[in-house]
Amino acid sequence: MELKEYTQEELAAQPIGQWSGEAYRRVVGALRGQLGVEQLTQPHWWTLNHVAGEPGKWTRATLAERLTVYDDLGIDFGGVFDDLVARGWLTEDADGRMTLTGAGEAGRLRARERNLRVHRQMHDGIATADYVTTVNVLRRMVANLGGDGDLPG
């Protein structure tokens, strides 16, 4: 897609909150749309990735505490965990520690591919160096305003 060219002065005068907000809505909307094809929400996706990354580490309480920082919808994480167990995608041992099943890993990989499509579309026409600069500028803005500019763990 071709973009109209503007002067540096015109671009420098733009409200970053408006553009970062629009980018957020577009990116998150596209990701949520793709996850919805698998009947997943972002909290499902976060759960699948955390459990896949460290099988047997997470309990409901520790994972809900970890994921709450990303939640902007007031999600009932217990309901998300229950849904994944009911699907047969997630199991819990006697101590409540979670592990993905084969079906859960297959679902996670399908959702991952859907998310990668969104990322490829989002990156189209953007050089890696420009993307990195953008992320670093946003990180600095967040830190300047009292937020955590570190990458999510």
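Reading guide: rules and limits
- Residues numbered from 1 in each chain as written.
- Predicted model: local features only at pLDDT ≥ 70, side-chain atom pairs only at ≥ 80, totals over all residues.
- Heavy atoms only, no water.
- Salt bridge = Lys/Arg side-chain N within 4 Å of Asp/Glu carboxyl O.
- Helix = DSSP H or I, 4+ residues; strand = E, 2+ residues; numbered from the N terminus.
- Buried < 20%, exposed > 50% of the residue type's maximum accessible area, 1.4 Å probe, protein only.
- Contact = heavy atoms within 4.5 Å.

Draft legend 1. Inspection of the pattern of salt bridges at higher detail. Tallied over the entire structure, the rule returns eleven salt bridges. Its salt-bridge partner being Glu-22, residue Arg-25 comes within 3.2 Å of it at the nearest N-O pair. Of the two residues, Arg-25 and Glu-22 both sit in helix 2 (residues 16-37), three residues apart, roughly one turn of that helix. Look at Glu-22 and you get partly exposed, because its relative accessible area is 24%. A salt bridge links Asp-82 to Arg-60; the nearest nitrogen and oxygen atoms lie 2.8 Å apart.

Draft legend 2. Focus on the environment of Asn-115. Tracing the sequence through the fold places Asn-115 in helix 6 (residues 102-123). Given a relative accessible area of 5%, Asn-115 falls into the buried group. Separated by 80 residues in sequence, Asn-115 and Leu-35 place their C-alpha atoms 7.5 Å apart. When near neighbours in sequence (up to four residues on either side) are disregarded, Asn-115 contacts Leu-31, Leu-35 and Trp-45.

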